[in-house]
Amino acid sequence: MRRKVTLKQIAKELDVSISTVSKSLKNSSEISEDTRLKVQAFAKLYNYKPNNIALSLKNKKTKTIGIIIPEIVHHFFATVISGIEQVANEKGYNVIVCLSDESFDKEVINLEMLANGSTDGFIMSLSKETQQKKDFHHLQEVINQGMPIVMFDRVANEILSDKVIIDDQLAAYQAVSFLVEEGRKKIALITTVDYVSVGKLRTDGYLKALTDHSIDINDDLIIKIEDIDNCSEAIEKLISNQDIDAVFAVNELFAVVAIKAVTKKERKIPEEISVIGFTDGIISKFSSPSITTVSQNGVKMGRKAAEMLIERLEDEDEENERYRTEVIETNLIQRESTKT
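Rules of the game
Residues numbered from 1 in each chain as written. Predicted model: local features only at pLDDT ≥ 70, side-chain atom pairs only at ≥ 80, totals over all residues. Heavy atoms only, no water. Core = buried A, V, L, I, M, F, W, Y, C linked by side-chain atoms within 4.5 Å. Buried < 20%, exposed > 50% of the residue type's maximum accessible area, 1.4 Å probe, protein only. Contact = heavy atoms within 4.5 Å. Phe/Tyr/Trp six-rings, centres within 6.5 Å; stacked < 30°, edge-to-face > 60°. Lys NZ or Arg CZ within 6 Å of the ring centre and 35° of its normal. Helix = DSSP H or I, 4+ residues; strand = E, 2+ residues; numbered from the N terminus. Arc of directions from axis to C-beta. Pairing = 2+ DSSP bridges. Axes fitted to C-alpha atoms, helices over the stretch in contact; angles between N-to-C directions.

Core analysis: the biggest nonpolar cluster contains 67 residues, and Ile123, Phe152, Ile187, Ile190, Ile235, Val247 and Phe248 have the highest contact counts within it. Those residues in contact with Ile190, other than ones at most four positions away along the chain, are Ile223, Ile225, Ile235, Leu238, Val247, Phe248, Ala249, Val250, Phe254 and Ala258. Core analysis: the next-biggest nonpolar cluster, separate from the first, contains 18 residues, Cys98, Leu111, Leu126 and Met147 among them.

Here is the structure:
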């Protein structure tokens, strides 16, 4: 008897992407006929069977929620998971947490693994690579087969589902406006590449705040980080080469690296340079100086996402397609890295 193969194994054997295999098996016109036939023949030869998600859902409920997050370095995702678990436990549900490691392929694999009847629905934040590719077919397939998804933080507007977000643009706008009101006029921005949705929205908020306060936008004061794990060099170069009096960073890692670079240049915080980060995590609280941050209320976001998913799972009207987007409020927590 031939062993059962997975999408990943088929993709590796045929030297194509997991997405191509998935679409070929669905007979998608996006894939050439030659590739479709090759994939389908291979799948048939090795007895590939897709997950019968809809059948498993009709037959039983697992009382288990699948959570897929991009990474666990940021305190924010830990707080969201905590909020999800609080509500899940209150309602008698268990949770399974998977990491996509910012990988599209791993995100697809996680969905395939968890959607085999072991979970009832998903709460997820999209990987960086998924947002870059703008390929959301795996999400739509799961939804089409009867499994609800609630997206949080990084979401795909192209997919009709429930979502929990903050107003990233407004939160950034308010943080940069606070710096302007401190008297800062040369405000640097440390952000992510534009295809990461939250980074793009926070960048838009920064630009709007400067424009509304009649401050010229200087592109030399803006850096967009692709590789977060190796951001130090770019941030140190910005601090060393540019005349700035404030930094707005779109996450707390960028903020603490900026503080380290400012300290290395023997400039005083906040007297000479103010710093504001995003996400009120442990780093922000215990950094020296402690960092003024925009709090995303991760626990509240997680609780709301779990409530929305469980409500949909337990809704007897299975055809209900009135999807909601809940916006969680943010607030600026002032600490030593800005004047008070």
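That shown, we press on.
Under the defined criterion, the tally for this structure stands at 5 aromatic pairs. Here the aromatic cluster, defined as three or more aromatic residues joined through ring pairs, consists of Phe76, Phe77 and Phe152. Just above the ring of Phe278 sits the side chain of Arg202; from NZ or CZ to the centre is 3.8 Å.

So, about helix 11 (residues 232-241). Helical periodicity: at 3.6 residues per turn, an α-helix aligns residues three or four positions apart in one direction. Considered for burial, the residues of helix 11 that qualify are Ile235, Leu238 and Ile239. Looking down the long axis of helix 11, one finds its buried residues gathered within 95° of arc, a one-sided arrangement. Opposite its buried face, helix 11 presents the exposed residues Glu233, Lys237 and Asn241, each directed more than 90 degrees away. For helix 11, the secondary structure elements touched by its buried residues are strand 6 (187-192), strand 7 (222-225), strand 8 (246-249) and helix 12 (252-264).

Attention now moves to the sheet that holds strand 7. Judged by pairing direction, the sheet is mixed, and its 6 strands sit side by side in the order 7-6-8-9-10-12 without closing on themselves. Only two strands of the sheet have a single neighbouring strand rather than two, namely strand 7 and strand 12 (331-333). Direction aside, neighbouring strands of the sheet carry axes that sit 20° apart on average. Sheet topology note: the strand 6/strand 8 ladder contains 4 bridges and is parallel.

The parallel open sheet is built from 6 strands, whose spatial order is 2-1-3-4-5-11. Strands with a single pairing partner mark the edges of an open sheet, and in this sheet they are strand 2 (94-99) and strand 11 (325-328). Going from strand to strand, the sheet's axes swing by 20° on average, the running direction of each strand aside. The strands touched by helix 8 (residues 137-144) are strand 3 (121-124) and strand 4 (149-152); relative to strand 4, the strand with the most contacts, the crossing angle is about 145°.

Between Ile269 and Pro270 the backbone carries a cis peptide bond, its omega angle lying at 5°. For Pro270, the position within the fold is in the loop between helix 12 and strand 9 (274-278). For Asp101, which is not a glycine, the phi torsion comes out positive at approximately 55°. Topologically, Asp101 is positioned in the loop between strand 2 and helix 6 (104-114). Looking at Asp101, the relative accessible area reads 44%, which means it is partly exposed.

Let us now look at the pairing of strand 3. Residues Gly121 and Ile123 of strand 3 are buried on one face, and the alternating residues Phe122 and Met124, pointing to the opposite face, are buried as well. Two elements, strand 1 (residues 64-69) and strand 3, share 4 bridges in a ladder whose sense is parallel. Bridged to Ile68 within strand 3 is Met124. Here strand 3 pairs with strand 4 via 3 bridges, running parallel. From the neighbouring strand, Ile123 faces strand 4, where its bridge partner is Val150.

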